[in-house]
Amino acid sequence: MDETHTQTVEEGFLSAADRDDLLRTIGDKLPKAFFYRVLHEADGRMRFTYLSQRVVEVLGVPAEVLFAEPAVMLDLMVEADRQRFLMAMERALTETMTLDVVVRVRRFDGELRWCHIRSATRNIEAHRQVCEGVVLDVTDQKRVEDQLVESQTRNQAILSALPDLMFVMSRDGVYLDYHARDMTMLLVPPEQFIGRHMNDVLPADLAALLVPKLRKVCESGVMAVAEYSLDMPAGPSHFEARIVPCGPDRVLAIIRDTSEGKRAQHEAQHNRLELARASRMTMLGEIAVSLAHELNQPLAAILNNAQAAERLIATDRATLLDTREILGDIASDSQRAGQVIWRLRELLAQSVPERAPLSLNQLVHDVEPLLRSELLTRQTTWSVDLAEDLPDARGDRIQILQVLLNLVLNGMDAMNDLPPEERRLSIQTRQEDGTVRVSVRDTGVGIAPEHAAKLFEPFFTTKPSGLGMGLRICASIVTAHGGRIWADSSCGRGAVFHFTLPMAHPS
Amino acid sequence: MTTPPLVYVVEDDASVMKGLARLLRAWSYDVRLCASAQEFLDGPGAGEADCIVLDVHMPGLSGLDLQHALHQRGATVPVVFVTGHGDAGTQLDALDHGAVAFLKKPFTDQELLAAVARALG
C-alpha cells in the first residue's frame, strides 16, 4: 500500500496548479503559522509576493500591510533579534542557503511572540533571489521550555542546598542514580555502588532492613521510613531514610544524617537523668540520718543475737532450738539490712529508664521502709489506703519511686510547724478514667492561692533551704510517662498531691 | 540464791527487741518487754523495773517522753537509752534528765552490759 502511494506521488499525479492549491490550502490551515514568499531585488529591495492567511494571527498585521510595506516585518522584531535576523538573511542570500532563525516579535497589540523563521533561498535570475518558507509561532513551546528550564534551575538549586543524600533505586535494590551535596557523605564512591545491589554495598543487616522496604513502597505506593546507624569513614553516624515511589518499579530514598539531632537528644536525656539523679541524691541526703537508723536497726539486732548465741554457747546453755531460732532471726535481719542497701543503691544508680508494668501499691510498700524512721523522727502518723485489684501502671520504677518519695517528704515538710498529734500523712491509690492515680495527702499549711500556679515551675520553693527543683522534676517525670500531676488545697487545711500514670494494659 | 535484776526493754522494733532480750537473758537478767512507751506506762514496769533499756524514737510517745513522764511520776528507775539516730541534742537531753547511758546502735554486748551494770549500781 505504501509502495502504491509512493509511486503515485513520484509519477506526478498532481498538476503544478493543483500543487499550488494544495500548498495554499495547507498554508492557510496551519495553526499559528504562515507561509511566505519574498523577492529580493538586485538593488536590495524586497517585497512579499505571497503570504498565507494566518499571517495576521501570528504577527497581528494583515497581509496587505506587509505587501505594501515589507519593512514592517523588520520593525516588528525586537531590536536585538532584528540585527541577528538581518545577518542570518544576508548570509542565506549570499550563500543561497537555508535561513533558520528564531526571533521575538512585538505585535501592534503589544503582545510578544516567539517566531521560528525557516526558508529556502532560490536564485531566479542574475542578482534576483526568492526566499520561500514558513514562520511558526513557537511562543507556547518557548514558554514551556522556559518553564522547564526554570523548573530545572529551581530543582537544581533545591538539590544543591539540601543536606540530604538521594538515591534512585530499582524495586529490587539496585542503585540507579544518586545526589550528594558532598562526596564525603557517601559510604563508598559512586563507581562502587551505581549499578550494584544494596546487598553488595551496605552491611548485611542494613541491606536486610532496607531492601524489603523498597519492594513494599513500590507495591503500596506509601512512603516508608527507616532509621539506622552506619559506620561512615568519618565515624559512626545515624540516618533516617524516607523512601517514596519514583516511577514504575523505582524508588527515591532521601537519606538525612540525624546524628547531630540524636546526639542532642541523647545529651538532653542524659542531662534530665542526671538532674533527676542529683535530685534523688539531695532527697536521700535529707533523710540520710533516718536511712542510717533504718540500717542500724537490723545491724543492732544481728549483733545482739550473735553475741547472745555466743554467750549461750560459752555457758553450755545453747539448745539446738534456740540456736536455730537465733540463726533464723540473724538471716532475716541481714535480709532486712540488705533490702535497705539495695533500695538506696537503686535510687542512687544512674540506670537507663525503662517502661515496664509497675504495681503502684507495691511501690507504696517499697517507699515505707525508706521513710519509716523519718516518719518516727518527725512524729508523723502514716496511713495507706490502697485500691484492691489495682491494675499495673506503665513506668520506670525508680523514677516513680522518686516522685512518691518527693511528695511524701514535701508533705512532711509542710507539717513541721504542727503539733505532733496533728501530723498525718496518707497515701491513696485508685484506678480512675483509664489511669492509675496516687494521692499523697498531708494536714499541713496548705498551698496559698498565689503559689498554686507556680508549684511545678523550676526554682519555686517556700522552704528556706529548698532549691525548688523537686516538684519540677516530679512533673517532668510524670509528664514524660504520659501522666498528669496536680495539687488540691484549701489554704491552711493541708494539701493533696495527685499523679496519674497510664495503665500498663489499658482495658 | 538471789533474784536476777529485772530489766525492761521498751522498743518498737520487734527484731531489735528480740535481740536485746536474748542478749540480756543470756547474761541471766530477768527481762520483760514493751513494744511502746505507753505500754510501759500502762503496766507495772515503773514500780518493778530495776532498769529500763529504752529506745528513743518510737511511734506515739518517744523514749524521752517516757523519761519525762517517769520523772513527773517521781519514778527513779535508771534508764539506758538505745538509738539508731544518736543526734547530739537528743543525747544531751537524755543525759541531762538522768539517763545512765546513751548507746548508739549497733552496740556490742560489752557496751550494753556495762551500761546496765552501771544502771543497776
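Residues numbered from 1 in each chain as written. Chains lettered and ligands numbered in written order. Predicted model: local features only at pLDDT ≥ 70, side-chain atom pairs only at ≥ 80, totals over all residues.

## Structural notes on the packing of helix 12 (residues 320–348) of chain A against helix 13 (residues 360–377) of chain A
All names here are of chain A.
- Look at helix 12 against helix 13: their axes get within 11 Å of each other, and the N-to-C directions meet at 105 degrees. Taken together, the axes of helix 12 and helix 13 are roughly perpendicular relative to one another. Contacts from Gln339, Val340 and Arg343 of helix 12 reach helix 13 at Asp366, Pro369 and Leu370.
- Residue composition of the contact of helix 12 with helix 13, grouped by class: three nonpolar, one polar and two charged. (Axes fitted to C-alpha atoms, helices over the stretch in contact; angles between N-to-C directions. Helix = DSSP H or I, 4+ residues; strand = E, 2+ residues; numbered from the N terminus. Parallel < 35°, antiparallel > 145°, perpendicular 65-115°, else oblique. Contact = placed C-beta atoms within 7 Å. Nonpolar A, V, L, I, M, F, W, Y, C, P; charged D, E, K, R; others polar.)

## Thoughts on the confidence of the model for chain A
All names here are of chain A.
- Across chain A, the average pLDDT comes to 87, with 94% of residues at 70 or higher.
- Here helix 1 (residues 2–10) is the element of chain A with the lowest mean pLDDT, 47, and strand 15 (residues 435–442) is the one with the highest, 95.
- Scored below 50 in pLDDT, residues 1–9 makes one contact in the model with residues more than four places away or belonging to other chains. (pLDDT = per-residue confidence, 0-100.)

## A word on the interface of chain A and chain B
- Contact with chain A, which involves 20 residues of that partner, is made by 20 residues of chain B.
- Secondary structure elements with two or more residues in the side of chain A that touches chain B: helix 11 (288–314), helix 12 and helix 13 of chain A.
- No other element matches helix 11 of chain A, which puts 15 residues into the side of chain A that touches chain B.
- When its residues are assigned to classes, the side of chain A that touches chain B shows ten nonpolar, seven polar and three charged.

## Some points on the nonpolar core
- One finds Val7, Val9, Val10, Val53, Val80 and Phe81 of chain B to be the most contacted residues of the largest nonpolar core, which totals 48 residues.
- Discounting chain neighbours no more than four positions away, the residues touching Val7 of chain B are Leu24, Tyr29, Asp30, Val31, Asp50, Cys51, Val53 and Val116 of chain B. (Core = buried A, V, L, I, M, F, W, Y, C linked by C-beta atoms within 7 Å. Buried ≥ 20, exposed ≤ 12 C-beta atoms within 10 Å, placed from the backbone.)

## Observations regarding helix 2 (residues 16–29) of chain A
- Along its 14 residues, helix 2 of chain A runs 20 Å from first to last C-alpha, staying within 8% of the 20 Å computed at 1.5 Å per residue.
- Summarising burial for helix 2 of chain A: zero of the 14 residues are buried, a small minority. (Expected span 1.5 Å × (residues − 1).)

## Considering the environment of Ala356 of chain A
- The residue Ala356 of chain A is located in strand 11 (residues 356–358) in this model.
- Along the primary structure Ala356 of chain A and Asp392 of chain A are separated by 36 residues, whereas in three dimensions their C-alpha atoms are 9.1 Å apart.

## Observations regarding the pairing of strand 2 (residues 46–51) of chain A
Residues and elements named next belong to chain A.
- Relative to strand 2, strand 1 (residues 33–40) runs antiparallel, the two being bridged by five bridges. Bridging across to strand 2, His40 finds its partner in Met46.
- The loop that links strand 1 with its antiparallel partner strand 2 comprises five residues; one of these, Gly44, has a positive phi angle of about 100 degrees. (Pairing = 2+ DSSP bridges.)

## What about the sheet that holds strand 7 (residues 175–179) of chain A?
Residues and elements named next belong to chain A.
- The five strands lie next to each other as 7-6-10-9-8, forming an open sheet whose pairing is antiparallel. Strand pairing shows two members of the sheet lacking a second neighbour, strand 7 and strand 8 (224–232), which therefore form its edges. The mean angle between the axes of side-by-side strands here comes to 25 degrees, regardless of whether they run parallel or antiparallel.
- As judged from the seven bridges shared by strand 9 (residues 235–245) and strand 10 (residues 250–257), these two strands associate in the antiparallel manner. The residue of strand 10 that forms the bridge with Pro245 is Val251.

## Notes on the environment of Met183 of chain A
- Within the secondary structure, Met183 of chain A sits in the loop between strand 7 and helix 8 (198–201).
- Taking C-alpha positions, Met183 of chain A is 9.7 Å from Leu165 of chain A, a pair spaced 18 residues apart along the chain.

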